[in-house]
Amino acid sequence: MKSFSNLKVLIIDDASIVIVTLKSMLVKIGFNDRLINYCSTSRAGIQIARQEQYDLILCDYNLGRGMNGKQVFEEMRYHGLLHDKSVFILITGESSSTVVHSIIELKPDDYLLKPFNVMSLKERVTSALNRKHALYQLYQMQSKHQFEQGLELCDELLPFYPQYQFIIARFKGEFLNRLQLHDESKKLYESILERRNYDWATIGLANSLMHLGDKKTAQAMINKLLASKPNSTVFRTAAANLSLVNNQIPSAIRHFELASKIVRGNSERELVICNLCLAVGDYQNALERYRIYMEINKETYRNTIYAKLNLIRIILYSCYNCAPEQKVARLNEAKSLYTQVAGMKEAAKLQVELDLMLAHIALEEQQYRLAISKLNQVHRQLELAHFYPFNQFAWLLNHMNFDTEFSKLIPRCSESIQRKQNENIYASQITMLEQLQQANVDKLQWLESKHKYIQANKMTLTELLKIYIEINQKCPFLQSVCMSIIKLLAKRLPREADINMLKRVVEQCDGLIRQLMEPEELDKANYQQLYTSIIDNYSDR
């Protein structure tokens, strides 16, 4: 960069003295005073950037109330307010590892720790501008997920910019991995490590080995890095990814949670933890994590109608197997949020997703006929916007034992997972779907084993009833099992049975049967007579 005089600069800082000092420094190193703009709030900074594009943005990390500098950068990047050669530098007076790690995770063009002088400012600004102007096309390919074109560009740029050989190599390694060319990425990272001992190259090599099946070596490499820097979020994330490849989901969750304790405020990581908790059925922790995600993003571009719908979705998941009092409170919250969302102008285009929410609410309130009616409406249209409603629909189908429909929906779920998104979020969504499929397989195999056991053995009424109740507790929506339980109990109640438990089972079965069977079917089965016999048997006990 030969001259700074024609570059437009924006300073965002809530301290006027800092703005004056920075502006003076920039003028001294060659920037044009008339091309330097400034503001004191995050909102003002974003608004100014909407009106005019800047070549250099210097933004304080801590801007007081509202968004911090990290969120300002994310907001500008998301809304396309930074042109291809724009340089964004975060400035902070906090030298704590938490803040520094948070900035490093964000990957701005550079950051500056206060206090700094004119010479250090010039050095960092010059370096960042030169690098960005030379390699801007690679950053562009990275942000647009154009990995094949990016790979070709790496080879084209290298002869012209040998001073950036390792930066170009890092881009190339990422592109190779995203294209799943793990043999090539392995060779690349090995060649880098022969010349320089970069941590990112070690992680890249471990990732390549992991996907090539050498998990033992990959694990040893990651463990060594973690032992050297246990508080590195980068290493924790690498360890979590290795755990996911090995299908060790609880281990992956622990690594991500430790990373979140080290550096708070990473919304994408909170979403990943939430997704993985959903994958293993830890709905309470998933809800806690998603509430953190929503709090972090309340003033950002992520605070959309889809985020609000996802909160309702996770609240409804958390109703599954929770205490009755807690369930009532959660359902009330879900219904209140539903009303708010349904009143938003964007909701008109999301009627199918709203119907899906109503089906889930109806299911938890034991309104089975309404739940099935709404699910049928969703199934007929199936106009769902993204992965999370598809996954919810599949979850409900599995839960309600619509297994044929479940198996047909899975390919649509898989197609809805966007490859061009944050790698960790992508991996967590894949894990959610795989775990849901496995849960369905396990359930069907378990039911088959119970069916075979009943056919192969002569059992007393008590023994048969015990098995049917066991099936009912695991699969409460099997109508035939509910009817079998009613018929057996109508004959007599087992002497040693827990009456209160039996009453709960009968209440659930009766509710399902009366809602889902037609009156003619009930008459044909003499259902009311069967039910009355059970009530009479209660009285005899």
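Note that the structure is predicted; figures quoted are calculated from it, not measured.

Colleague: Tell me about helix α21 (residues 423-456), and name the residues and values.
Modeller: Here α21 spans 49 Å end to end across 34 residues, near enough to the 50 Å set by a 1.5 Å rise per residue. Three or more residues of α21 are buried, namely Asn424, Ile425, Ser428, Gln429, Thr431, Met432, Leu433, Leu436, Asn440, Lys443, Leu447 and Lys450. Looking at the buried side of α21, the elements it contacts are α11 (233-245), α12 (249-262), α13 (267-279), α19 (387-399), α20 (403-415) and α22 (461-474). Measuring from the backbone nitrogen of Asn424 back to the side-chain oxygen at the start of α21 gives 2.8 Å, which picks out Asn422 as the cap.

Colleague: Describe the UniProt feature "modified residue: 4-aspartylphosphate" (unreviewed entry) in the protein, listing the residues and the values that go with them.
Modeller: Residues annotated in UniProt with the feature "modified residue: 4-aspartylphosphate" (unreviewed entry) correspond here to Asp60. By the element assignment, Asp60 lies in strand β3 (residues 56-60). Those residues in contact with Asp60 that lie beyond four places of it in its chain are Ile12, Asp13, Asp14, Gly69, Leu90, Ile91, Thr92 and Lys114.

Colleague: Run through the side chain of Ser232, naming residues and quoting values.
Modeller: Within the secondary structure layout, Ser232 lies in the loop between α10 (215-228) and α11. With relative accessibility at 7%, the residue Ser232 sits in the buried group. Once residues lying within four places of it in the same chain are set aside, the contact partners of Ser232 are His101 and Ile262.

Colleague: Break down the packing of helix α18 (residues 368-381) against helix α24 (residues 499-516) for me, with residues and values.
Modeller: Where α18 contacts α24, the axes come no closer than 8 Å and their chain directions differ by 55°. Taken together, α18 and α24 sit at an angle that is classed as oblique. Where α18 abuts α24, its residues Tyr368, Arg369 and Ile372 lie against Gln508, Gly511, Leu512, Arg514, Gln515 and Leu516. Grouping the constituent residues of the contact of α18 with α24 by class yields 4 nonpolar, 3 polar and 2 charged.

Colleague: Break down the nonpolar core for me, citing the residues and quoting the values.
Modeller: Grouped together as the largest cluster of nonpolar side chains are 102 residues, with contacts concentrated most on Tyr290, Ile312 and Ile485. Sorting elements by how many residues they give to this core places helix α15 (residues 305-318) first, with 9 residues. For Ile485, the residues in contact, after removing those within four places along its chain, are Leu465, Tyr468, Ile469, Asn472, Val505 and Cys509. In this structure, Tyr189, Ile192, Leu209 and Ala238 belong to the second largest nonpolar core, which totals 35 residues.

Colleague: Residues and numbers for the pattern of salt bridges, please.
Modeller: Here the idea is simple: oppositely charged side chains can pair when their charged atoms come close. Throughout the structure, instances matching the rule amount to 26 salt bridges. Notably, a salt bridge pairs Asp109 with Lys132, separated by 3.0 Å at the nearest N-O pair. Of the two residues, Asp109 is situated in the loop between α4 (97-106) and β5 (110-113) and Lys132 in helix α5 (residues 118-143); the sequence distance between them amounts to 23 residues. Take Asp109 and Lys132: they sit in the same class, and that class is buried. Connected through shared salt-bridge partners, Lys70, Glu74, Glu268 and Arg302 make up one network.

Colleague: Any chance you could break down the pairing of strand β2 (residues 36-39) for me, citing the residues and the numbers?
Modeller: The pairing of strand β1 (residues 9-12) with β2 spans 4 bridges and is classified as parallel. Counted as the bridge partner of Val9 is Ile36 from β2. Crossover handedness for the path β1 to helix α1 (residues 16-28) to β2: right-handed.

Colleague: An account of the environment of Ser208 is requested, with residue identities and associated values reported.
Modeller: Structurally, the position occupied by Ser208 is in helix α9 (residues 199-211). Along the sequence, Ser208 and His182 sit 26 residues apart, while their C-alpha atoms lie 5.1 Å from each other. Apart from residues no more than four positions distant in its own chain, Ser208 is found in contact with Asn177, His182, Ser185, Lys186 and Tyr189.

Colleague: Account for the packing of aromatic side chains, naming residues and giving values.
Modeller: Within a pair of aromatic rings, the relevant descriptors are the distance that separates the centres and the angle that separates the planes. According to the stated counting rule, one finds 18 aromatic pairs in the structure shown. Considering the side-chain rings of Phe387 and Tyr388, the 5.4 Å spacing of their centres and the 65° angle between planes classify their relative orientation as edge-to-face. Assessed through its relative accessible area of 2%, Phe387 is described here as buried. Residue classification places Tyr388 among the buried residues on the basis of a relative accessible area of 11%. Put simply, the rings of Tyr139, Phe147, Phe171 and Phe175 pair up and form one aromatic cluster. Positioned above the aromatic ring of Tyr139, the side-chain terminus of Lys132 is 5.2 Å from the ring centre. If you follow Arg419 out to its NZ or CZ, it ends over the ring of Tyr426, 4.4 Å from the centre.

About the cut-offs
Residues numbered from 1 in each chain as written. Predicted model: local features only at pLDDT ≥ 70, side-chain atom pairs only at ≥ 80, totals over all residues. Heavy atoms only, no water. Helix = DSSP H or I, 4+ residues; strand = E, 2+ residues; numbered from the N terminus. Expected span 1.5 Å × (residues − 1). Buried < 20%, exposed > 50% of the residue type's maximum accessible area, 1.4 Å probe, protein only. Contact = heavy atoms within 4.5 Å. Polar contact = N/O pair within 3.5 Å; in protein donor to acceptor, adjacent residues only side chain to side chain. UniProt positions renumbered as here; feature names shortened; annotations may be inferred. Axes fitted to C-alpha atoms, helices over the stretch in contact; angles between N-to-C directions. Parallel < 35°, antiparallel > 145°, perpendicular 65-115°, else oblique. Nonpolar A, V, L, I, M, F, W, Y, C, P; charged D, E, K, R; others polar. Core = buried A, V, L, I, M, F, W, Y, C linked by side-chain atoms within 4.5 Å. Salt bridge = Lys/Arg side-chain N within 4 Å of Asp/Glu carboxyl O. Pairing = 2+ DSSP bridges. Right-handed = clockwise from strand over helix to strand, strands pointing away. Phe/Tyr/Trp six-rings, centres within 6.5 Å; stacked < 30°, edge-to-face > 60°. Lys NZ or Arg CZ within 6 Å of the ring centre and 35° of its normal.

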